[in-house]
Amino acid sequence: MIKPKQLEFLDWELGVFFHFGIRTFYEGHKDWDMKEMPLEGFNPTELNCDSWMETIKAAGAKYAVLTCKHHDGFANWPSKYTEYSVKNTPWKNGKGDVVKEFTDACRKYGIKIGLYYSPAEFGSIKRNPKEYDDYFINQISELLTNYGKIDYLWFDGCGSENHEYDTERVIKEIRRMQPEVLI
């Protein structure tokens, strides 16, 4: 059964996906190539999310999605659940937050906010299923409680083929924090 929020999403029509993260600064790296990407390489001194939103609004886009964490495990926000995040980069002396700059710019230009999150991580510490779900929920909690209203969550399951998520628990937590978010 199609829900009203799903139909509303269709009215958004045009959206833009910003695949921005540590790999942006490591030319030639590909998904799952297992090449190291040291934190020192992430330093987007010219990042201007306002410019992104001004451009996509002029093109008619109604929503934007930012890659908050891709399969490489790098968090574009200062996550307290990983050391592999902006907090340990030279950008803004570790005080930067791409997700905050992105969400602030979306609001400024009236663009609906979408956040992409890949729960998979190559090279991550092996966790048992509950620990893996806890880590996933903890990071999603940061994204859903630190940046105001989020309109859309985009999950990528690539790399999670051998893990069965506690979907009921994950959805319950998301709905507790952001009841109106589209998933």
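Structure's up top.
Quick look at the structure, then. Values in this document were obtained by computation on a predicted structure and should not be read as measured data.

1. Let's talk about the overall build of the chain
Along the backbone of the chain there are five helices and four strands. Mapped from its N terminus to its C terminus, the chain presents α and β elements in the order α-β-α-β-α-β-α-β-α. Its C-alpha radius of gyration of 16 Å places the chain within 12% of the 16 Å reference for a compact globule of 183 residues. Considering only C-alpha atoms, the chain reaches an extent of 40 × 40 × 25 Å along its principal axes. A fraction of 71% describes how many contacts in the chain between residues 6 or more apart in sequence connect residues 24 or more apart. Surface accessibility of the chain: about 10,000 Å² in total, with carbon and sulfur atoms responsible for 52%. Taken as two groups, the 24 positive and 29 negative side-chain charges of the chain have centres that lie 4 Å from each other.

2. Brief notes about the side chain of Thr-89
As for its placement among the helices and strands, Thr-89 is situated in the loop between strand E2 (63-69) and helix H3 (98-108). Of the polar contacts made by the side chain of Thr-89, one reaches the backbone oxygen of Val-86; its length is 2.9 Å. Among all residues touching Thr-89, those that are not within four sequence positions of it are Leu-39, Phe-42, Phe-74 and Gly-94.

3. Structural notes on the pairing of E2
Within E2, seven of the seven residues are buried, leaving the element largely enclosed by the surrounding structure. Here four bridges tie strand E1 (residues 15-18) to E2, and the two strands are oriented parallel to one another. Each residue of the ladder has a partner; that of Phe-18, found in E2, is Leu-66. Here E2 runs beside strand E3 (residues 112-117); their pairing, made up of six bridges, is parallel. Directly across from Ala-64, in E3, lies its bridge partner Ile-113.

4. Re the sheet that holds E2
Ordered by their spatial adjacency, four strands build an open sheet running E1-E2-E3-E4, and the pairing between neighbours is parallel. On the outer flanks of this sheet lie E1 and strand E4 (152-155), each paired with one strand and no other. Taken over all neighbouring pairs, the strand axes of this sheet differ in orientation by 25 degrees on average, direction set aside.

5. Some thoughts on the nonpolar core
The biggest cluster of nonpolar side chains holds 43 residues, and the ones touching the most others in it are Trp-52, Met-53, Leu-66, Phe-102, Leu-115 and Leu-143. Here this core takes six residues from helix H4 (residues 129-145), the largest share from any one element. Beyond its immediate sequence surroundings of up to four residues, Trp-52 is in contact with Phe-18, Phe-20, Leu-47, Leu-66 and Phe-102. Grouped together as the second largest cluster of nonpolar side chains are six residues, Trp-12, Val-65, Tyr-116 and Tyr-152 included.

Cut-offs applied
Residues numbered from 1 in each chain as written. Predicted model: local features only at pLDDT ≥ 70, side-chain atom pairs only at ≥ 80, totals over all residues. Heavy atoms only, no water. Helix = DSSP H or I, 4+ residues; strand = E, 2+ residues; numbered from the N terminus. Rg over C-alpha atoms; globule rule 2.2 N^0.38 Å. Contact = heavy atoms within 4.5 Å. Areas by Shrake-Rupley, 256 points an atom, 1.4 Å probe, with all protein chains shown as cover. Lys, Arg positive; Asp, Glu negative; His and termini not counted. Charge placed at Lys NZ, Arg CZ, Asp CG, Glu CD. Polar contact = N/O pair within 3.5 Å; in protein donor to acceptor, adjacent residues only side chain to side chain. Buried < 20%, exposed > 50% of the residue type's maximum accessible area, 1.4 Å probe, protein only. Pairing = 2+ DSSP bridges. Axes fitted to C-alpha atoms, helices over the stretch in contact; angles between N-to-C directions. Core = buried A, V, L, I, M, F, W, Y, C linked by side-chain atoms within 4.5 Å.

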